[in-house]
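What follows is the residue order along each chain.
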Amino acid sequence: MYRMLEVFVKKYTLQLDSLTATEIFGLYLGQNANSGDIICLDGDLGAGKTTLTQAIARGLDVDKNCYVTSPSFAIMHEYPGRIPLFHMDFYRLQDAAEVEDLGFDEYFYMSGLTIIEWSERATEILPEQRLSLKIILNDDESRTVVMEPGTEYSHDLLLLVNKCRQLMED
Ligand SMILES: Nc1ncnc2c1ncn2[C@@H]1O[C@H](COP(=O)(O)OP(=O)(O)O)[C@@H](O)[C@H]1O
Ligand SMILES: [Mg+2]
């Protein structure tokens, strides 16, 4: 059954050739985010997960003076914006059980935008409706984002990605 479903999972890719491209993409994601949305960010250290989160925060109108940092040690930071931003980082966590022990899974259902770096630590407890972004750092320092949207995100994401591509060409 799962194998059959996988055939229907749509993936989109977006090429981010510069920091500016990442900022454009993040800004759009933030501006278009709805309360209850979940964005998962995976990829190696230095790929750009926190950088993208900073741009998303700008798109959510999080105060410019509110510097968005990696929450590795605290695991979760909350920032007020157009809607609240819950920024989590599971890097230091072992597995889904630890996420649940610490109660972070409760944030998946809060009204705000939840961003989870290193979400793959706990894939099995993530809500199905989420936007999963994997950032790949290429040899030439550009980034490729592989996007897997839950069905509720598919349509909006395609529009957004096309808009970003146009902007990046300008
Ligand atoms: N196109 C790009 N997108 C994102 N980050 C980039 C890009 N080009 C260069 N960088 C740099 O790469 C680094 C990414 O670091 P960071 O966002 O902390 O990664 P992560 O959170 O994935 O570990 C930053 O110093 C950022 O300025
Ligand atoms: Mg980070």
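Throughout this document, residue positions are counted from 1 along each chain, in the order its sequence is written. Following the order in which they are written, the chains are lettered starting with A and the ligands numbered starting with 1. Totals for whole chains, interfaces and linings use every residue, but because this is a predicted model, local features are given only for residues with pLDDT of at least 70 and side-chain atom pairs only at 80 or more, for both listing and counting.

I tried to follow the overall build of the chain on my own but got confused; where do I start?
Secondary structure elements follow DSSP: runs of H or I no shorter than four residues count as helices, runs of E no shorter than two count as strands, and numbering proceeds from the N terminus. For the chain, the helix and strand inventory stands at 5 helices and 7 strands. Its helices and strands in sequence order give the chain the pattern α-β-α-β-α-β-β-α-β-β-β-α, from N to C terminus. Only the C-alpha atoms count toward the radius of gyration. The rule for a globule is 2.2 Å times the residue count to the power 0.38. Here the C-alpha atoms of the chain give a radius of gyration of 15 Å, agreeing with the 15 Å that 2.2 N^0.38 yields for 170 residues. By principal-axis analysis of the C-alpha atoms, the chain measures approximately 50 × 45 × 30 Å. Here a residue counts as buried when 20 or more other C-beta atoms sit within 10 Å of its C-beta, as exposed when there are 12 or fewer, and as partly exposed otherwise, the C-beta atoms being derived from the backbone. Here the chain holds 170 residues, and 34% of them are scored as buried.

Looking at this structure, I do not really get the site of ligand 1. What am I missing?
Here, nearness means that the C-beta atom of a residue, built from backbone geometry, sits within 6 Å of the molecule or strand in question. Residues in contact with ligand 1 amount to 17 residues; listed here are only the nearest, T22, G48, K49, T50 and T51. Looking at the shell around ligand 1, the elements with two or more residues in it are helix 2 (19-32) and helix 3 (49-59). Considering only residue class, the shell around ligand 1 consists of 5 nonpolar, 8 polar and 4 charged. Following the grouping adopted for this structure description, the nonpolar residues are Ala, Val, Leu, Ile, Met, Phe, Trp, Tyr, Cys and Pro, the charged ones are Asp, Glu, Lys and Arg, and the polar ones are all others, Gly among them.

Would you mind showing me how to read the environment of L113 here?
When you line up the elements, L113 lands in strand 5 (residues 113-117). L113 gets classed as buried once you count the C-beta atoms within 10 Å, which come to 26. Separated by 83 residues in sequence, L113 and G30 place their C-alpha atoms 8.6 Å apart. In this description, any two residues whose backbone-derived C-beta atoms lie within 7 Å of each other are considered to be in contact. In this view, L113 contacts A33, D37, I39, L60, I83 and L85; residues no more than four positions away in its chain are not counted.

Sorry if this is basic, but what is going on with the nonpolar core here?
Inside soluble globular proteins, nonpolar side chains tend to come together where they are buried. Counting residues in each nonpolar core, the largest one holds 35 residues, and the members touching the most others are I39, L41, I115 and L133. Setting aside anything within four residues of it in sequence, one finds L41 in contact with K49, L52, T53, I115, I116, E117, S119, L133 and I135. In these notes, a nonpolar core means any group of buried Ala, Val, Leu, Ile, Met, Phe, Trp, Tyr and Cys residues linked to one another through C-beta atoms within 7 Å.

Can you help me understand the sheet that holds strand 5 in this one?
Backbone hydrogen bonds hold the strands of a sheet together, and the pairing may be parallel or antiparallel. By definition, two strands form a pair when at least two bridges between them are found by DSSP. If you trace the 7 strands from one edge of the open sheet to the other, you get 1-7-6-2-5-4-3, paired in mixed fashion. Here the strands that pair on one side only, and so sit at the sheet edges, are strand 1 (12-16) and strand 3 (76-79). Shown here is a sheet whose adjacent strand axes are inclined to one another by a mean of 20°, direction ignored. A fitted line through C-alpha atoms serves as each axis, taken over the contacting stretch for helices, and the angle formed by two N-to-C directions is quoted from 0 to 180°. Across the sheet, helix 3 is in contact with strand 2 (38-42), strand 3, strand 4 (85-89), strand 5 and strand 6 (131-137); its angle to strand 5 comes to roughly 170°. Taken strand by strand, helix 5 (residues 151-169) contacts strand 1, strand 6 and strand 7 (143-149), and its axis lies near 30° from that of strand 1.

Just to check I follow, could you spell out unusual backbone geometry for this structure?
It is generally the case that most residues other than glycine have a negative phi and that most peptide bonds are trans. The phi torsion at W118 lies on the positive side, around 55°, for a residue other than glycine. Assignment of secondary structure puts W118 in the loop between strand 5 and strand 6. When the 19 C-beta atoms within 10 Å are taken as the criterion, W118 is described as partly exposed.

In short, geometric facts, not functional conclusions.
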